[in-house]
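# Tertiary structure, described
Below are the chains, spelled out letter by letter.
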Amino acid sequence: MSVFITFEGGEGAGKTTVLQSVKEQLINQGYEVIATREPGGSVIAEKVRDVILNPDHTEMDERTEALLYAAARRQHLVETVTPKLDEGCIVLCDRFIDSSLVYQGVARGIGVEEVRQMNLFATGGLMPDLTCYVDIEPEVGLKRIEEHKGREYNRLDQEKIDFHLMVRDAYLTLAKQEPIRIQTIDGAQPLDEVVDRTMKVINHYLNKTNSR
Ligand code: TMP
């Protein structure tokens, strides 16, 4: 069964850790699963990621940034996501189009509709079947990052707290607009509970789809 599930969240929400646990549990349930990420997930797209997130690239224009994310998305989709969906896999993707709507559309101020249109060109209209949004207050998420210095530090981590507050607000707005596709999961709970809740949401979706 091919299903495209994306994971979204602000910095330090724990979505990447949750995604890995979800992957293991779904494999144990007998599904074919791959985990991938954006920007990245293919050789070319990982190179674009390095350009976008390089802390030295302080002069990067915001539209250039939006276009690079969309370019990386296109390449990742063509090389990785679509072939795996065609094979009947569950594809778990760490970030996708909603990240661009929120970060570039709202927080960078380009405008959600402009960024959406540009991304629809990149994706040919493919949208996730299900999106797990791991919600966390930015102060809590950023503190977690401080405490786990092992994590990659990138250009966007340097943004001020206001930027991260805008990101959270924008995610909550999107989740209100698309309450079926986007399921909000409380990321402030202990990790085991966040994983359990996410698995409930995913299994509910899979059972519903299986019984159709
Ligand atoms: P990560 O921390 O989840 O690896 O994501 C890297 C950063 O890239 C994160 O700060 C969010 C940002 N990002 C965007 O701004 N727009 C996008 O479309 C994507 C996929 C990520």
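Let us look at the structure shown here. Quantities reported herein were computed from a predicted structural model and do not represent experimental measurements. (Residues numbered from 1 in each chain as written. Predicted model: local features only at pLDDT ≥ 70, side-chain atom pairs only at ≥ 80, totals over all residues. Heavy atoms only, no water.)

## A word on the site of the ligand
With respect to spatial proximity, 16 residues lie near the ligand, and among them Lys 15, Arg 73, Arg 95, Ser 100 and Gln 104 are the closest. Note that an oxygen atom of the ligand is positioned 3.0 Å from one of the side-chain N or O atoms of Tyr 69. When isolated, the ligand has an accessible area of 470 Å², and the protein chains bury 95% of it. When residues of the shell around the ligand are traced back to their parent elements, those giving at least two are helix H2 (43–53), helix H3 (62–86) and helix H4 (97–107). In terms of residue count, H4 provides more of the shell around the ligand than any other element does, 4 residues in total. When the residues that make up the shell around the ligand are grouped by side-chain class, the tally is 5 nonpolar, 4 polar and 7 charged. (Near = heavy atom within 4 Å. Polar contact = N/O pair within 3.5 Å; in protein donor to acceptor, adjacent residues only side chain to side chain. Areas by Shrake-Rupley, 256 points an atom, 1.4 Å probe, with all protein chains shown as cover. Helix = DSSP H or I, 4+ residues; strand = E, 2+ residues; numbered from the N terminus. Nonpolar A, V, L, I, M, F, W, Y, C, P; charged D, E, K, R; others polar.)

## Structural notes on the sheet that holds strand S5 (residues 182–186)
Taken in spatial order, the 5 strands of this open sheet run S2-S3-S1-S4-S5, and their pairing is parallel. Both outer strands of the open sheet, strand S2 (33–37) and S5, are each paired with one neighbouring strand and no more. Here the average twist between neighbouring strands, direction ignored, is 20°. Where helix H1 (residues 15–28) meets the sheet, its contacts fall on strand S1 (3–9), S2, strand S3 (90–94) and strand S4 (130–135), and the angle it forms with S3 comes to roughly 170°. (Pairing = 2+ DSSP bridges. Axes fitted to C-alpha atoms, helices over the stretch in contact; angles between N-to-C directions. Contact = heavy atoms within 4.5 Å.)

## Some details on the packing of helix H6 (residues 138–147) against helix H7 (residues 161–177)
The contact between H6 and H7 brings their axes to 9 Å, and the two run at 120°. Relative to H7, the element H6 lies oblique. Note that H6 runs across H7; the crossing there is right-handed. Packed against H6, whose contacting residues are Pro 138, Glu 139 and Leu 142, the element H7 presents Ile 161, His 164, Leu 165 and Arg 168 at the interface. When its residues are assigned to classes, the contact of H6 with H7 shows 4 nonpolar, 1 polar and 2 charged. (Parallel < 35°, antiparallel > 145°, perpendicular 65-115°, else oblique. Left-handed = near helix turned anticlockwise from the far one by under 90°.)

## Some thoughts on the side chain of Asp 135
Its place among the elements puts Asp 135 in strand S4. Here Tyr 133 takes part through its side chain, which lies 2.6 Å from a polar atom of the side chain of Asp 135. Among the polar contacts made by the side chain of Asp 135, one reaches the side chain of Arg 168 at a distance of 2.8 Å.

## Some remarks on the packing of aromatic side chains
Inspection of every chain in the model, using the stated rule, returns 4 aromatic pairs. Look at Phe 4 and Phe 96: their rings are 5.0 Å apart centre to centre, the planes differ by 80°, and that puts the pair in the edge-to-face class. Here Phe 4, found in strand S1, pairs with Phe 96, found in the loop between S3 and H4; they are 92 residues apart in sequence, far enough to count as distant. Summarising the aromatic geometry, the rings of Tyr 103 and Tyr 171 are spaced 6.5 Å apart at their centres and angled 80° between planes, so their arrangement reads as edge-to-face. Of this pair, Tyr 103 sits in helix H4 while Tyr 171 sits in helix H7, and the two are 68 residues apart along the sequence. Among the aromatic side chains, those forming a connected cluster through ring pairs are Tyr 103, Tyr 133, Phe 163 and Tyr 171. Cation over ring: Arg 73 sits above Phe 96, and NZ or CZ is 5.5 Å from the ring centre. (Phe/Tyr/Trp six-rings, centres within 6.5 Å; stacked < 30°, edge-to-face > 60°. Lys NZ or Arg CZ within 6 Å of the ring centre and 35° of its normal.)

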